[in-house]
Amino acid sequence: MTGATGSTGATGATGNQGATGEQGPTGARGPTGSAGATGAQGATGAQGTTGSTGATGSTGATGNQGATGSTGATGAQGATGAQGTTGATGAQGATGPAGAQGPTGARGATGAQGPTGQSGVNGTTGSQGPTGMRGPTGAQGPTGAMGPTGAKGSTGSKGATGSKGTTGANGTTGARGPTGAAGIGAVTVYSATIPAATTAGSVNCQNNPASVMRAVGGGSQTPGSGNQAQLDSSFAISGAGTNLPANGSTSANGWRVVYHGSQTGPWTVFVLCVQ
């Protein structure tokens with residue numbers, strides 16, 4: 001831990017002031033402050049004549065410095081000696097960079113407008129422009145009064161009736177048009193009962209694979225309760241076949257139904273037939 005600082009001793013007497021040394025070089029010039037707003041420019045006065053520059057006197061040599069004696073006890077501060085003469089002014093330092101330009105002053109009032117110049121010679125007349133579009137037709141004037149009806153002339157005598165001409169020969173008969181499609185006769189339903197635990201069943205028109213009737217539709221009916229299997233397919237057949245007839249065939253005379261699994265009870269397959 002640092003102890004308390006002791007009191008300062010009395011200041012010794014000031015020695016004689018030595019000769020003033022040469023003036024050091026002038027420090028660099030500080031930056032120029034921003035320019036104030038430019039005032040209105042006054043009239044420039046006449047330039048006076050420049051006086052001649054006087055010669056600069058030479059600087060005297062500095063004497064040798066004596067040896068420094070040992071420092072005695074500091075006495076009381078003596079009176080300040082007289083200030084020595086000021087040394088010659090050093091050379092002027094280089095000019096610092098120009099400061100930023102100040103804001104432009106307010107715009108002066110606009111001068112009075114000069115007299116108007118003489119009018120130029122008139123140019124030649126341009127060629128005539130195209131004729132404008134025709135305006136709309138005015139409304140029709142009122143119809144004049146109807147003149148009087150002339151006198152009715154006398155009716156002429158009726159001419160004699162001409163004799164009847166001979167009847168022309170009959171034309172040839174046109175070709176017969178195509179026969180229309182045959183109408184559909186009565187639809188007859190034929191059915192067959194399929195035993196339980198069976199997955200597929202078929203039926204033909206008239207319950208006869210050789211029937212000449214034609215199938216126009218069909219389907220099946222399963223028991224109304226219990227675990228029913230999913231329907232896989234339902235299609236027309238020809239005779240005792242088990243596949244769909246070829247596209248465009250006209251021989252279908254029966255119907256077949258196939259389930260994904262066995263039914264839990266007897267079920268029915270049916271076909272709709274026409275003659």
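Above this note sits the structure.
To keep things clear, this report deals only with the structure shown in the data block. The shown structure was predicted, so the numbers you read here are calculated from the model rather than taken from an experiment.

## Concerning the nonpolar core
Thinking step 1. Ranked by size, the top nonpolar core spans 16 residues in total, and within it Y190, C205, V257, W267, V269, V271 and C273 carry the most contacts.
Thinking step 2. When residues of this core are traced back to their parent elements, those giving at least two are β1 (188-194), β5 (254-259) and β6 (267-274).
Thinking step 3. Ranked by residues supplied to this core, first place goes to β6 with four residues.
Thinking step 4. Setting aside chain neighbours within four positions, we find C273 in contact with A186, V187, T188, Y190, C205, M213, R214 and A215.

## Considering the pairing of β6
Across a regular strand the side chains alternate sides, sitting on one face of the sheet and then on the other.
Thinking step 1. For β1 and β6, the ladder comprises seven bridges, and the chain directions are antiparallel. By the bridge assignment, T188 is partnered in β6 with C273.
Thinking step 2. Two strands pair when backbone bridges link them, and strand β3 (residues 214-221) and β6 are joined in this way by seven bridges, in the antiparallel orientation. Bridging from a neighbouring strand, S220 pairs with V269 of β6.

## Regarding the state of the cysteines
Thinking step 1. Within the structure shown, the criterion is met by one disulfide.
Thinking step 2. At a sulfur-sulfur separation of 2.0 Å, the disulfide partner of C205 is C273. Linking C205 and C273, the disulfide has an S-S dihedral of approximately -95 degrees and is accordingly described as left-handed. Taken as a pair, C205 in the loop between β2 (200-204) and β3 and C273 in strand β6 lie far apart in primary sequence, 68 residues in all.
Thinking step 3. Residue classification places C273 among the buried positions, given a relative accessible area of 0%.

## Some remarks on the sheet that holds β6
Strand pairing in a sheet relies on backbone hydrogen bonds, with the paired strands running either antiparallel or parallel.
Thinking step 1. Spatial strand order, β1-β6-β3: three strands in an open sheet with antiparallel pairing. Of all strands in the sheet, those bounded by a partner on one side alone are β1 and β3. Sheet twist, expressed as the average angle between the axes of neighbouring strands with direction ignored, equals 20 degrees.

## With respect to unusual backbone geometry
Thinking step 1. Positive phi outside glycine occurs at A197, with the angle close to 65 degrees.
Thinking step 2. If you trace the backbone, A197 turns up in the loop between β1 and β2.
Thinking step 3. For A197, a relative accessible area of 56% gives the class exposed.
Thinking step 4. The phi angle at N207 is positive, at roughly 55 degrees, despite the residue not being glycine.
Thinking step 5. With respect to the helices and strands, the residue N207 is situated in the loop between β2 and β3.
Thinking step 6. When its relative accessible area of 48% is taken as the criterion, N207 is described as partly exposed.

## Here's the deal with the sheet that holds β5
Thinking step 1. Strand order in the open sheet formed by three strands is β2-β5-β4, and the pairing between neighbours is antiparallel. The strands lining the two open edges of the sheet, one partner per strand, are β2 and β4 (231-237). When the angles between neighbouring strand axes are averaged without regard to direction, this sheet yields 10 degrees.
Thinking step 2. For β4 and β5, the ladder comprises six bridges, and the chain directions are antiparallel. Paired with F235 across the bridge in β5 is R256.

## Focus: the environment of S191
Thinking step 1. Along the chain, the position of S191 falls in strand β1.
Thinking step 2. Along the primary structure S191 and G254 are separated by 63 residues, whereas in three dimensions their C-alpha atoms are 9.9 Å apart.
Thinking step 3. Excluding residues within four positions of it along the chain, S191 makes contact with V203, N207, T268, V269 and F270.

Criteria and cut-off values
- Residues numbered from 1 in each chain as written.
- Predicted model: local features only at pLDDT ≥ 70, side-chain atom pairs only at ≥ 80, totals over all residues.
- Heavy atoms only, no water.
- Core = buried A, V, L, I, M, F, W, Y, C linked by side-chain atoms within 4.5 Å.
- Buried < 20%, exposed > 50% of the residue type's maximum accessible area, 1.4 Å probe, protein only.
- Helix = DSSP H or I, 4+ residues; strand = E, 2+ residues; numbered from the N terminus.
- Contact = heavy atoms within 4.5 Å.
- Pairing = 2+ DSSP bridges.
- Disulfide = S-S within 2.5 Å.
- Axes fitted to C-alpha atoms, helices over the stretch in contact; angles between N-to-C directions.

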